[in-house]
Amino acid sequence: MRIGVFCSGGDAPGMNACVRAVVRTALLHGHQVVGIQRGYQGLLDEEFYHNKNGEALMTPHCVAGWAQYGGAFLKSSRCDEFRTREGQEKAASILRKHQIDALIPIGGDGTFHGAVALADVWDGLIVGCPGTIDNDLIGTDYTIGFSTAVQTAVDCVDKVHDTADSHDRMFLIEVMGRHSGYIAAYTGISTGGEILAIPETPTDFPEIVAKLNELKQRGKTSILMIVAEGDEEGGAEILNEQLKKHDCPFPTRVLVLGHLQRGGTPTPEDRRRASHMGYGAVTALMRGETGVMIGTQNDACVSVPFETTYAEHRAIPQQLLDLVDTLAS
Ligand code: F6P
């Protein structure tokens, strides 16, 4: 088999480890790997990774040392052209031209929507790996990059905690998560955040201010509020304005962590799980599977239809939400 591998959508620490595992596993079993650069855009532009002999084929040496680095050495992108039927048909004919039999896209829900559309016009095999810091896909306990993103957010919040304490302030810290509060919930639990604002639960300003007053009366002098960028009421700046209007009892400051969370050295968990899923994707292709994402459940690789991965919102277990309130009490 000639397998094309690419990273697509927002980059996520661990994507390189995943590509490395794909290359090493496939070559060991006698297959070839083409590294497609810049996701679907690079496929449309026929932009391939070249080995040191100048061939558009990946060798084991190409991926030596990749596991430890963040970012995406194959580059990543979001591609409007590929959203059109014309773009998908063009991609299919390029895949045929380069005799690519199978694809391993590494990305999130947008990437998998793209894979489903491609499968309509191309008859090769497609098996994906979940690469997004948001941890918002159904059917996998975990997505590549989530662990590192939480680690980065926790490091930042711990630092801000010091200054919040010194100045008796409240900080609203915005973390990523376009439609998901996973990064916020894990960060809140790990840092002792008193208030969480996430899209999964209603953000009620009078209720938050009542809680803040109660905490103040009990002697709290500083507060950490962790806000998911996708909160239904808006990001941290907007929530800050609203809290002020509702007579927030603490002086506030806002910190938006933004793309910091997408970079940096992948944690061992991201490296290990990304490697496992990259390996799982190749072995699934070898079994003839297609139209699925390789996720992990209870530390084993599982195949989940692409449509299932984005069919509904991935809920945050109520236990975790209760834990935030319990620890802040
Ligand atoms: O999907 C990953 C993610 O980092 C989201 O958390 C965030 O909303 C989005 O990507 C940002 O995308 P971009 O880098 O294209 O602005």
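None of the values given here were measured: they were computed from a predicted structure. (Residues numbered from 1 in each chain as written. Predicted model: local features only at pLDDT ≥ 70, side-chain atom pairs only at ≥ 80, totals over all residues. Heavy atoms only, no water.)

### Description of the side chain of Thr148
Reasoning step 1: For Thr148, the location among the structural elements is in helix 5 (residues 146–167).
Reasoning step 2: Residue classification places Thr148 among the buried positions, given a relative accessible area of 2%.
Reasoning step 3: Every residue in contact with Thr148, bar those within four places of it in the chain, is listed here: Pro13, Gly263, Gly264, Thr265, Pro266, Thr267 and Asp270. (Helix = DSSP H or I, 4+ residues; strand = E, 2+ residues; numbered from the N terminus. Buried < 20%, exposed > 50% of the residue type's maximum accessible area, 1.4 Å probe, protein only. Contact = heavy atoms within 4.5 Å.)

### Overview of the site of the ligand
Reasoning step 1: Around the ligand lies a shell formed by Arg78, Thr132, Ile133, Asp134, Met176, Gly177, Arg178, Glu229, His259 and Arg262.
Reasoning step 2: Residue Asp134 places a side-chain N or O atom 2.7 Å away from an oxygen atom belonging to the ligand.
Reasoning step 3: A distance of 2.8 Å separates an oxygen atom of the ligand from a polar atom in the side chain of His259.
Reasoning step 4: Contact with the protein chains covers 77% of the free accessible surface of the ligand, which is 400 Å².
Reasoning step 5: For the shell around the ligand, the residue count by class is two nonpolar, three polar and five charged.
Reasoning step 6: Both of domain 1 (2–145 + 266–309) and domain 2 (146–262) provide at least three residues apiece to the shell around the ligand. (Near = heavy atom within 4 Å. Polar contact = N/O pair within 3.5 Å; in protein donor to acceptor, adjacent residues only side chain to side chain. Areas by Shrake-Rupley, 256 points an atom, 1.4 Å probe, with all protein chains shown as cover. Nonpolar A, V, L, I, M, F, W, Y, C, P; charged D, E, K, R; others polar. Domains from an automatic or database assignment.)

### Here we look at the domain arrangement of the chain
Reasoning step 1: One can read the domain layout of the chain as domain 1 (2–145 + 266–309) and domain 2 (146–262).
Reasoning step 2: For domain 1 and domain 2, the distance between their C-alpha centroids amounts to 34 Å.
Reasoning step 3: At the junction of the two partners, domain 1 supplies 18 residues and domain 2 supplies 13 residues.
Reasoning step 4: Taken together, the two surfaces of domain 1 and domain 2 that pack against each other cover about 1200 Å², and 50% of this comes from carbon and sulfur. (Buried area = accessible area lost by both parts, 1.4 Å probe.)

### Observations concerning the packing of aromatic side chains
Reasoning step 1: Tallied over the entire structure, the rule returns nine aromatic pairs.
Reasoning step 2: The interplanar angle of 75 degrees and the centroid separation of 5.8 Å between the aromatic rings of Tyr49 and Trp66 together place this pair among those described as edge-to-face. With Tyr49 in the loop between helix 2 (39–44) and helix 3 (85–97) and Trp66 in the loop between helix 2 and helix 3, this pair connects stretches of sequence that are 17 residues apart. For the pair Tyr49 and Trp66, one class covers both residues: buried.
Reasoning step 3: Cluster of aromatic residues (ring-pair linked, three or more members): Tyr49, Trp66, Tyr69 and Phe73.
Reasoning step 4: For Lys216, the ring lying beneath its charged end belongs to Phe250, and the centroid distance is 5.3 Å.
Reasoning step 5: Positioned above the aromatic ring of Tyr142 is the side chain of Arg273, whose terminal nitrogen or guanidinium carbon lies 4.7 Å from the ring centre. (Phe/Tyr/Trp six-rings, centres within 6.5 Å; stacked < 30°, edge-to-face > 60°. Lys NZ or Arg CZ within 6 Å of the ring centre and 35° of its normal.)

### Observations concerning the pairing of strand 10 (residues 300–305)
Reasoning step 1: Bridge analysis of strand 9 (residues 292–297) against strand 10 gives six bridges, and the strand direction is antiparallel. Residue pairing in the sheet places Thr296 in a bridge with Cys301 of strand 10.
Reasoning step 2: Hairpin remark: strand 9 followed by strand 10, antiparallel, with two residues in the connecting loop; positive phi at Asn298, about 50 degrees. (Pairing = 2+ DSSP bridges.)

### Details of helix 4 (residues 109–121)
Reasoning step 1: With 13 residues, helix 4 extends 19 Å between its outermost C-alpha atoms, agreeing within 8% with the 18 Å of an ideal straight helix rising 1.5 Å per residue.
Reasoning step 2: By the burial criterion, the buried members of helix 4 are Thr111, Phe112, Gly114, Ala115, Ala117, Leu118 and Val121.
Reasoning step 3: In this structure, the buried residues of helix 4 make contact with helix 2, helix 3, strand 3 (102–107), strand 4 (125–130), strand 9 and helix 10 (306–309). (Expected span 1.5 Å × (residues − 1).)

### A look at the packing of helix 5 against helix 6 (residues 182–191)
Reasoning step 1: Running from N to C, helix 5 and helix 6 point in directions that differ by 45 degrees, and their axes come no closer than 9 Å. It follows from the interaxial angle that helix 5 and helix 6 lie oblique. For the pair helix 5 and helix 6, the crossing hand works out as right-handed. Facing Phe146, Ala149, Val150, Ala153, Val154, Val157, Asp158 and His161 of helix 5, the residues of helix 6 in contact are Tyr182, Ile183, Tyr186, Thr187, Ser190 and Thr191.
Reasoning step 2: Looking at the contact of helix 5 with helix 6 residue by residue, the classes come out as nine nonpolar, four polar and one charged. (Axes fitted to C-alpha atoms, helices over the stretch in contact; angles between N-to-C directions. Parallel < 35°, antiparallel > 145°, perpendicular 65-115°, else oblique. Left-handed = near helix turned anticlockwise from the far one by under 90°.)

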